[in-house]
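Commentary on secondary and tertiary structure
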Amino acid sequence: QVQLVESGGGLVQAGGSLRLSCAASVRAFNSYAMGWFRQAPGEEREFVAAISRIGGAASYADSVKGRFTISRDNAKSTVSLQMSSLKPEDTAVYYCAANLRGSGNYYLADYWGQGTQVTVSS
């Protein structure tokens, strides 16, 4: 069993920054590639970012590359998403996910958090 709890969402103006955090309750956190997805109203859930088990490699959706940075702290069993230069189109519920599998901009995950709302105003 893997339990994930996101935090850090909120309201921010375009051009601003937010940092999302995900706390994982899991026996061996470093066994899982981790990532973030998001879902806007009326849209399908989409991949945002992924990070390898040790944290040596990361992947990003084209829409966020250069603006978002994913990181993890295996000693604390946490994964973060630093979001900068936010745009209104970044508005969505952001979900932390564990055991990502895939490539490019298409990934699947086995475990999900409940999500945290990010709203970017224009």
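Note that the structure is predicted; figures quoted are calculated from it, not measured. (Residues numbered from 1 in each chain as written. Predicted model: local features only at pLDDT ≥ 70, side-chain atom pairs only at ≥ 80, totals over all residues. Heavy atoms only, no water.)

What follows concerns the overall build of the protein chain. Helix and strand counts for the protein chain come out as 0 helices and 13 strands. Listing every helix and strand of the protein chain by position from the N terminus yields β-β-β-β-β-β-β-β-β-β-β-β-β. Taken over the C-alpha atoms alone, the protein chain extends approximately 40 × 25 × 25 Å along its principal axes. Put simply, the protein chain has 122 residues, and 42% of those count as buried. Carbon and sulfur atoms make up 44% of the accessible area of the protein chain, which totals about 6,600 Å². Looking at the protein chain, you have 11 positive and 9 negative side-chain charges, and the mean spots of the two groups are 10 Å apart. (Helix = DSSP H or I, 4+ residues; strand = E, 2+ residues; numbered from the N terminus. Buried < 20%, exposed > 50% of the residue type's maximum accessible area, 1.4 Å probe, protein only. Areas by Shrake-Rupley, 256 points an atom, 1.4 Å probe, with all protein chains shown as cover. Lys, Arg positive; Asp, Glu negative; His and termini not counted. Charge placed at Lys NZ, Arg CZ, Asp CG, Glu CD.)

The next subject is the pattern of salt bridges. Within the structure shown, the criterion is met by 3 salt bridges. Salt-bridge contacts for Glu46 lead to Arg38; the nearest nitrogen and oxygen are separated by 2.7 Å. With its nearest N and O atoms 2.9 Å apart, the salt bridge here joins Arg38 to Asp90. Residue Arg38 is located in strand S4 (residues 34–39), and its partner Asp90 is located in the loop between strand S8 (78–83) and strand S9 (92–98); the two are separated by 52 residues in the primary sequence. No difference in accessibility class separates Arg38 from Asp90, as the two residues are buried. Through salt bridges that share partners, Arg38, Glu46, Arg67 and Asp90 make up one connected network. (Salt bridge = Lys/Arg side-chain N within 4 Å of Asp/Glu carboxyl O.)

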